[in-house]
Amino acid sequence: MDFIERDFVDTMKSQLRESTDVKSPSRLHEHKKGYSESLSQGHVYELAQNLSKHDATQNRENEHFAVISDNEDVTVISIDSYLFHLQRHRYANNLTLARLMYAQLCAVGLETHEAVGNHVIPMFIDCGSLPDALRVFNYLLFPNEVSWTSLIVGHVSCGNPKDALHIYEQMQQENVNPKSYTLVAALQACAALKDFPWSLKIHSEAIANGFLDDSFVCNSLINSYAECGDLLQAEYVFNMCSVRDIVSWTSLLAGYVELGNPQHALDCLKQMQSEGVSPCEFTYACSLKACSNLGAFRKGQELHAEATSKGFDQCSHVANALIDLYGKCGSPFDAFQVFNLMPSRDVVSWTAVIAGYAECGPWLEALKLYDQMQIEGVYPNNITLASLIKACGRSGSQSRGYEVHTQVVLKGFDGETIVGNSLVSMYTKCFAFLEANQVFKMLTVKDAVSWTALIAGYTDSGDGLEALNCFDNMQLQYIPADAFTYSCVLKACSIIQDLQKGYKIHLHIIENDYEKDGPVCNALVDMYMKCGSIPEAHNVFDELQFRTVETWTSMIMGYSDGRMWPEVFHLFEQMQSDGIFPSAVTISSVLRACGNTGALERGRVIHKEFVTADALMIPTIANSLMSMYTKCGSLEEARKVFDKLHIRDATAYSVMIKGYGVIGEGKKAIECFRDMLKNGVSPDSVTFTCLLAACCHASLVYEGHALFRSMREDHGIEATLEHYVCMVGLFAKSGHLYEAERFLETFCLPYQRTWAALLSACKNYGEEELGNRSFEQLMIGNPYIPAWYVLMADTFAGSGNWNAASRLEELRKHSEIFKEPASALIEIEGQIHKFTVRNSPSKEVSDMVRSMNSRLKKEGHLPNLDSVLKSADDDEKEIGLCEHAEKLALAFGLIHTSQGQTIRVTKSMRICHDCHETNKFVSQIEKREIILRDDCSIHHFKDGSCSCGDNF
């Protein structure tokens, strides 16, 4: 029906208006010739015949009009038939038929008829042609509220909400009384514009016209106020509703989600269900988004089960919300399962699952999914490409990033800001700052997001100073910072630990009303924790109304970095009681705390409850779990986790190598390294650090030296300070003290840690002269570290020079260089108990220590009084040895564990010789295995011997 042209219709209308008698047969005959030339092949005649047949079937006796057919016959048609066919074409949404119908009306002069004309406008609006509707409207003599409302709806649908409200104003000026559906349409325009004053105006008109009893008006008011950001007004209208249906609840719930109150949204859902209102698919989609924003994984799973039981899980918006939830909660594999079950997948579905993998990994899966998406013919949008670019950046795949960049240009997305920002971020993550700045300079519009992309890139790469310089330049360009900008800048302050700059940024945040923003508050907490200002961090944390998984994680990580392990566990328990499911970073931080405290049982509980088979595919969780087990001395469990990994990267192998090393199994560490090479995994610098440390613990001099040479010659890895420290320690611990010194001098290593490693070995071998030289070098570097004085004093004592040892101790005390008291931790029934040297223990612990010493003396073990430097008689020295933290922890363990149960103790400093011998004898007498980890290695005592071979 393309032969109907708009200009013909306009011409026909103007010709018809030239006659005052539109019903005159002569006038109709006058236009017949021109009309037939334009509407060829009898289309008008066919339409007229159809209308006439409709009249005949309906027995119409209403007003009739004549239509001239091609053979000069006159067909009589009723107004009702025209109205019937107008409605039919309206519901069919067929614009071509609608235009043909209107041409017929023009031909007979009915386009200005009040009843007919007011039906034409909604027909064109529903057919998606606002211009046609406007032209018809301009010819109407008496447009009613239906026509006005249809135009308002049309403008809103076409994305012209301002024009919609202008039409509404004109309608009022023409004294046309609005109906309830008119206010609904106008409120949709208010919502689109987020125009609060207009919403209030229409609200008052709804009250004046008595429309507040209309549920559609109430629901539209709730939605409009929510979109305008005024939840108080939305709640007021909601509470005033006589009938609160599913739309009312969902509108309010969606408002809570959009305005950053996800917990209120879930509370709203709970109240709604308690009042007997069953959620619909849109309610579930909004609720799942709330869970996603909160990181409430478990609640999301519950809603998933509910939605599935009602058959809503197959709805695209629910499924997309589920994919988004699982992706953001660090479970991209669950997201993929939902994605896989979808009957039809649009670009939103593909983008959500790609974004999940891009955020959490494995990042290569995102790239594979994109390839599959292209095979299935789904065209990506800018969000898809931005997520794909993020995956390239996270995986460090610069070459693949170049490929995606090329596709971005070919598909015409290079002008998209979000894509450009992702490219900047990707290049910075790949340390390609030249390319990042080139993309940044080519951006046509550099807004806050653009600058933040560059700032975030520098921040993520660890260059906090350059990030702050970028922020200063951004301010010079008068670009206002947004919440994400502040988050990145605060992270930059954390990196360089610039607390003063952090304070200034905090003031900026308050001035710009971002102090209640969740991510900004998380960054503030993180900044204060990392800068050592725990009270400030707690102030921000306590003032938060809603704490997301990121908020809790920032606090937990801060306490973990500060080695405040009990606080880590306490916060983790609070987090769980609040229903917040931990992220991969949270789990890793808590597992680190378990490892550093020897809390094996607690670690096992976390493994069981939170680390699923899918979670093991996330590298940070898998590596943290293995590290926890190795630090707790449970190599068997660490190996089980390692063997279950589908992908074993260099980090996973390094964790296992380190685990074997600290327990003295150097040869197994080398065997693990060979297995790594055999499986085609390339070692990195950290791998060789763990490997050389393992050789050091096991005194494998030849193997260690060979690996040190192979590191550079075979693998192209340059030696770092860590490697040199391991080599010095390897030579020295094996008794080759002077060779260690020559190695140190040959490679010009004026580092404190290398001299400290040599001095430590001198203490073990009583080598006073070399120890003295090492001590002098350490004093040149930093004379205020108490550990150097302790090591040198022990070296003097080991060589029998008690006077020199005592003088050095006096010098340390006189210089007010105080050493931190040693402490020991032990886990009993999930609780961590701390013991500090010389702290008064309980009576039962004191009695157990005395009983233990008495039994050991009977078995022939005498205390090693040489390790006590203070001037005192032997009895006082023996009492001093009884106050050692690890002995108190051991005694407590013997009291509170059953016979035969393994005792695990973690000590903050290196174990002394007397305590080492004590543990050997206790393991033999009590028939117990004792696993003690100090700051150097793990000692596994069993049947009177230690895994270190007494070389520690």
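Residues numbered from 1 in each chain as written. Predicted model: local features only at pLDDT ≥ 70, side-chain atom pairs only at ≥ 80, totals over all residues. Heavy atoms only, no water.

Novice: An account of the pattern of salt bridges is requested, with residue identities and associated values reported.
Specialist: Summed over all chains, the structure comprises 27 salt bridges. With a closest N to O distance of 2.6 Å, Glu 601 and Arg 604 form a salt bridge. Within this pair, Glu 601 and its partner Arg 604 are both found in helix 35 (residues 600–610), separated by three residues, close to a single helical turn. A relative accessible area of 42% places Glu 601 in the partly exposed class. Arg 639 serves as the salt-bridge partner of Asp 643, at 3.2 Å between the closest nitrogen and oxygen. Taken together, the residues Asp 643 and Arg 639, both in helix 37 (residues 635–644) and four residues apart, mark about one turn of the helix. Using a relative accessible area of 40% as the deciding quantity, one classes Asp 643 as partly exposed. (Salt bridge = Lys/Arg side-chain N within 4 Å of Asp/Glu carboxyl O. Helix = DSSP H or I, 4+ residues; strand = E, 2+ residues; numbered from the N terminus. Buried < 20%, exposed > 50% of the residue type's maximum accessible area, 1.4 Å probe, protein only.)

Novice: Mind laying out the UniProt feature "repeat: PPR" (unreviewed entry) in the chain, listing which residues take part and the relevant values?
Specialist: In the numbering used here, UniProt assigns the feature "repeat: PPR" (unreviewed entry) to residues 144–178, 245–279, 346–380, 447–481, 548–582, 649–683 and 684–714. Segment residues 346–380 splits into 77% helix and 0% strand. End C-alpha atoms: 10 Å apart. Secondary structure content for residues 684–714 is 84% helix and 0% strand, and the end C-alpha separation is 12 Å. (UniProt positions renumbered as here; feature names shortened; annotations may be inferred.)

Novice: Would you mind going over the packing of aromatic side chains in detail, with residue names and values included?
Specialist: On inspection of all chains with the given rule, the structure shows 29 aromatic pairs. Aromatic side chains Tyr 168 and Trp 198 sit 6.0 Å apart centroid to centroid with 70° between the ring planes, which places their arrangement in the edge-to-face category. Taken as a pair, Tyr 168 in helix 9 (residues 161–173) and Trp 198 in helix 11 (residues 196–208) lie far apart in primary sequence, 30 residues in all. Trp 198 sits in the buried class, given a relative accessible area of 14%. An angle of 75° between the planes, with centres 5.6 Å apart, marks the rings of Phe 775 and Tyr 789 as edge-to-face. Placement of Phe 775 in helix 45 (residues 768–781) and of Tyr 789 in helix 46 (residues 786–798) is noted, with a sequence separation of 14 residues between them. Residue Phe 775 shares its accessibility class with Tyr 789, and that shared class is buried. The lysine or arginine in question, Lys 446, covers the ring of Phe 440, its NZ or CZ lying 5.7 Å from the ring centre. Residue placement shows Arg 547 over the ring face of Phe 541; its charged tip is 4.2 Å from the ring centre. (Phe/Tyr/Trp six-rings, centres within 6.5 Å; stacked < 30°, edge-to-face > 60°. Lys NZ or Arg CZ within 6 Å of the ring centre and 35° of its normal.)

Novice: Break down the sheet that holds strand 5 (residues 903–907) for me, with residues and values.
Specialist: Overall, mixed pairing links the six strands, which are arranged 4-3-5-6-7-8 in an open sheet. The two strands at the open ends of the sheet, each matched to only one other strand, are strand 4 (831–836) and strand 8 (945–946). (Pairing = 2+ DSSP bridges.)

Novice: Could you give an account of the pairing of strand 6 (residues 930–933), with specific residues and numbers?
Specialist: The side chains of a regular strand alternate between the sheet's two faces. Both faces of strand 6 are covered, namely the face carrying Ile 930 and Leu 932 and the face carrying Ile 931 and Arg 933. In terms of strand pairing, strand 5 meets strand 6 through four bridges, oriented parallel. Paired with Arg 904 across the strands is Ile 931, a residue of strand 6. With respect to chirality, the unit in which strand 5 leads through helix 51 (residues 913–925) into the neighbouring parallel strand 6 is right-handed. As paired strands, strand 6 and strand 7 (residues 938–942) are joined by four bridges and run antiparallel to one another. In the sheet register, Arg 933 faces strand 7, and the bridge partner there is Ile 938. (Right-handed = clockwise from strand over helix to strand, strands pointing away.)

Novice: How would you summarise helix 34 (residues 584–597) if you had to cite specific residues and measurements?
Specialist: Helical geometry: 3.6 residues make up each α-helical turn, so side chains three or four residues apart lie on a common side. Between its terminal C-alpha atoms helix 34 stretches 20 Å, which fits the 20 Å expected from 14 residues at 1.5 Å a residue. Within helix 34, 12 of the 14 residues are buried, leaving the element largely enclosed by the surrounding structure. (Expected span 1.5 Å × (residues − 1).)

Novice: How would you sum up the environment of Lys 429? Please name residues and give values.
Specialist: Position of Lys 429 relative to the elements: it lies in helix 24 (residues 417–429). Here the alpha-carbon distance between Lys 429 and Ser 461, two residues 32 residues apart in the chain, equals 6.3 Å. When neighbours within four sequence positions are excluded, Lys 429 is seen to be in contact with Gly 393, Arg 394 and Asp 460. (Contact = heavy atoms within 4.5 Å.)

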